[in-house]
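Coordinate analysis (summary)
The chain contents come next:
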Amino acid sequence: MQKENTASRSVLLIYTGGTIGMMENPETGALESFNFAHLLNNVPELKRFNYAISTYQFTPPIDSSDMEPSDWAMLARIITENYDDFDGFVVLHGTDTMSYTASALSFMLKNLGKPVILTGSQLPIGMLRTDGKENLITAIEIAAATNGEGAPAVPEVCILFENSLMRGNRTTKVNAENFNAFRSYNFPVLAHAGVNIKYETHLIRRPDAASPMTPHYGLDSSVIIFTIFPGIGEAVVSAIFNAPGLRAVVLKSFGSGNAPQKEWLIRLLNEAYRRDIIVVNITQCLTGAVEMKRYRTGRQLLSAGVVCGYDSTPESALTKLMFLLAQDLTVDEVRRRMDSNIAGEITRE
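Cut-offs and rules
Residues numbered from 1 in each chain as written. Predicted model: local features only at pLDDT ≥ 70, side-chain atom pairs only at ≥ 80, totals over all residues. Heavy atoms only, no water. Phe/Tyr/Trp six-rings, centres within 6.5 Å; stacked < 30°, edge-to-face > 60°. Buried < 20%, exposed > 50% of the residue type's maximum accessible area, 1.4 Å probe, protein only. Lys NZ or Arg CZ within 6 Å of the ring centre and 35° of its normal. Pairing = 2+ DSSP bridges. Helix = DSSP H or I, 4+ residues; strand = E, 2+ residues; numbered from the N terminus. Contact = heavy atoms within 4.5 Å. Patch = residues over 30% accessible without salt bridge, like charges linked within 9 Å, V, L, I, M, F, W, Y side chains within 5 Å. Areas by Shrake-Rupley, 256 points an atom, 1.4 Å probe, with all protein chains shown as cover. Salt bridge = Lys/Arg side-chain N within 4 Å of Asp/Glu carboxyl O. Core = buried A, V, L, I, M, F, W, Y, C linked by side-chain atoms within 4.5 Å. Polar contact = N/O pair within 3.5 Å; in protein donor to acceptor, adjacent residues only side chain to side chain.

Examining the packing of aromatic side chains
- Inspection of the entire model under this criterion finds six aromatic pairs.
- Measuring from centroid to centroid gives 4.8 Å for F49 and Y51, while their planes differ by 20°, and the two rings are stacked. By the burial criterion, F49 is buried, and Y51 matches it.
- Taken together, the aromatic side chains of Y83, F86 and F89 make up a single cluster linked through ring pairs.
- When the ring centre of Y217 is taken as reference, the NZ or CZ atom of R77 above it lies at 3.8 Å.
- Geometry around Y83 places K114 over its ring, the cationic atom sitting 4.7 Å from the centre.

Structural data, given as structure tokens:
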């Protein structure tokens with residue numbers, strides 16, 4: 001870990017990898033990771049902060065498409081081991097799986113009382129038009145910020161991208177080219193970074209002051225996401241539900257939670273329920289929520305033991321299942337907790 005300076009507020013900057021810390025290979029034109037110290041040299045503005053900024057680098061850096069649950073556990077351990085020494089944390093991460101990592105950490109860091117801000121960029125930080133500088137500087141400022149009472153301004157796992165601070169487990173990557181790469185469709189942003197940073201304090205979750213932050217490192221990846229589509233066949237769905245070791249399925253259904261009225265589909269869902277395979281229903285739509293009691297096509301799923309995922313993102317539903325399946329819980333307890341809001345990940349009316 002490298003210390004940059006000393007001051008009253010302190011931030012740990014964790015570089016996992018990703019476009020923000022890459023440079024172009026002059027021979028191949030491919031983007032490759034380079035030393036994190038070089039990244040800091042490209043942002044001399046950091047020296048103007050009156051913060052103690054320390055750094056931690058994954059060695060070697062990880063392309064975000066290679067991120068695994070073990071890497072999420074490593075991040076949770078780094079944050080936990082340094083929790084008492086820093087006021088906030090900034091995680092530099094590739095954009096492709098950033099929403100998965102942010103969602104997982106929101107469940108793994110129970111009763112989080114300090115900011116954990118994930119950010120990155122669409123262009124390497126050494127390029128003239130990079131979005132990385134502004135994202136990094138703003139993320140650090142938010143990680144160190146306090147409210148009027150001296151408490152952390154945003155004690156949540158968040159993603160900061162192109163001037164918007166979003167609850168991590170509400171985000172999805174929606175753009176591979178533009179700087180506005182992430183959206184939080186079903187929950188308002190927590191802060192807007194313009195001339196000033198405006199916090200929506202009424203939306204920000206607060207920890208239980210009487211309880212400590214409790215980390216959980218276990219994750220069970222015996223989960224799959226599959227999408228319903230017109231013409232989907234019994235053989236395909238049967239193969240999914242009979243995959244060896246499968247414990248849970250995130251089902252992306254039509255609209256407000258609907259699926260084809262096929263006898264074989266309901267039969268397979270009932271068989272999965274009897275074999276203690278948990279099925280969580282979320283919508284394929286970017287905006288809106290599952291309401292399985294609304295239409296007959298949704299009620300048939302409810303009668304087959306499918307759990308309502310409300311307005312959960314795919315990233316959040318998947319990592320929440322991974323998290324809960326790794327706990328010492330019965331199948332019924334996992335189903336109940338999937339039906340409840342545990343980290344601000346769903347909206348229940």
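Let's talk about the sheet that holds strand 16 (residues 223–227)
- Strands sit in the order 16-17-18-19 across an open sheet of four strands; the sheet is parallel. Of all strands in the sheet, those with a lone pairing partner are strand 16 and strand 19 (307–308), marking the two edges.

A few points about the environment of T146
- Among the secondary structure elements, T146 is positioned in the loop between helix 4 (132–144) and strand 9 (157–161).
- Take T146: its relative accessible area is 37%, and that puts it in the partly exposed class.
- Sequence separation between T146 and R9 is 137 residues, and the spatial gap between their C-alpha atoms is 9.8 Å.
- Excluding residues within four positions of it along the chain, T146 makes contact with R9, A151, P152 and A153.

Thoughts on a nonpolar patch on the surface
- There is a patch of nonpolar side chains on the surface, built from V174, Y185 and L286 and spanning about 250 Å² of accessible area.
- Relative to the helices and strands, V174 is located in the loop between strand 11 (172–173) and strand 12 (182–183).

Digging into the pairing of strand 2 (residues 9–15)
- Across the seven residues of strand 2, six count as buried, placing the element largely inside the fold.
- Bridge count between strand 2 and strand 5 (residues 51–57): seven bridges; the pairing is parallel. The residue of strand 5 that forms the bridge with L13 is T55.
- Pairing analysis gives five bridges linking strand 2 to strand 6 (residues 88–92), with the strands arranged parallel. The partner of V11 across the bridge, within strand 6, is G88.

As for helix 3 (residues 98–108)
- Counted residue by residue, helix 3 has 10 buried out of 11 residues, so it is predominantly covered.
- What helix 3 keeps buried is the set M98, S99, T101, A102, S103, A104, L105, S106, F107 and M108.

Describing the nonpolar core
- In terms of nonpolar packing, the biggest core is built from 52 residues, with L109, V116, L118 and L321 touching the most fellow members.
- Of the residues forming this core, the biggest block, seven residues, is contributed by helix 8 (residues 314–325).
- L109 has contacts with A76, I79, T80, V116, V157, M213 and T214, leaving out every residue within four places of it along the chain.
- By size, the runner-up hydrophobic cluster in this structure holds 28 residues, among which are L13, A145, L160 and A191.

A word on the side chain of T101
- As for its placement among the helices and strands, T101 is situated in helix 3.
- T101 sits in the buried class, given a relative accessible area of 0%.
- Within polar-contact distance, the side chain of T101 engages the side chain of H93 at 2.8 Å.
- When sequence neighbours within four positions are dropped, the list of residues in contact with T101 reads M67, W72, L75, H93 and L118.

Details of the pattern of salt bridges
- In the structure shown here, the tally under the stated rule is 10 salt bridges.
- Between K173 and D96 there is a salt bridge whose closest N-O contact spans 2.8 Å. Taken together, the positions of K173 in strand 11 and D96 in the loop between strand 6 and helix 3 put the pair 77 residues apart, joining distant regions of the chain.
- Of the charged contacts in the structure, one is a salt bridge between E156 and R167, with a shortest N-O distance of 2.7 Å. Taken together, the positions of E156 in the loop between helix 4 and strand 9 and R167 in strand 10 (residues 164–167) put the pair 11 residues apart, joining distant regions of the chain. Like E156, the residue R167 is buried in the burial classification.
- The network of salt bridges with common partners includes E234, E263 and R267.

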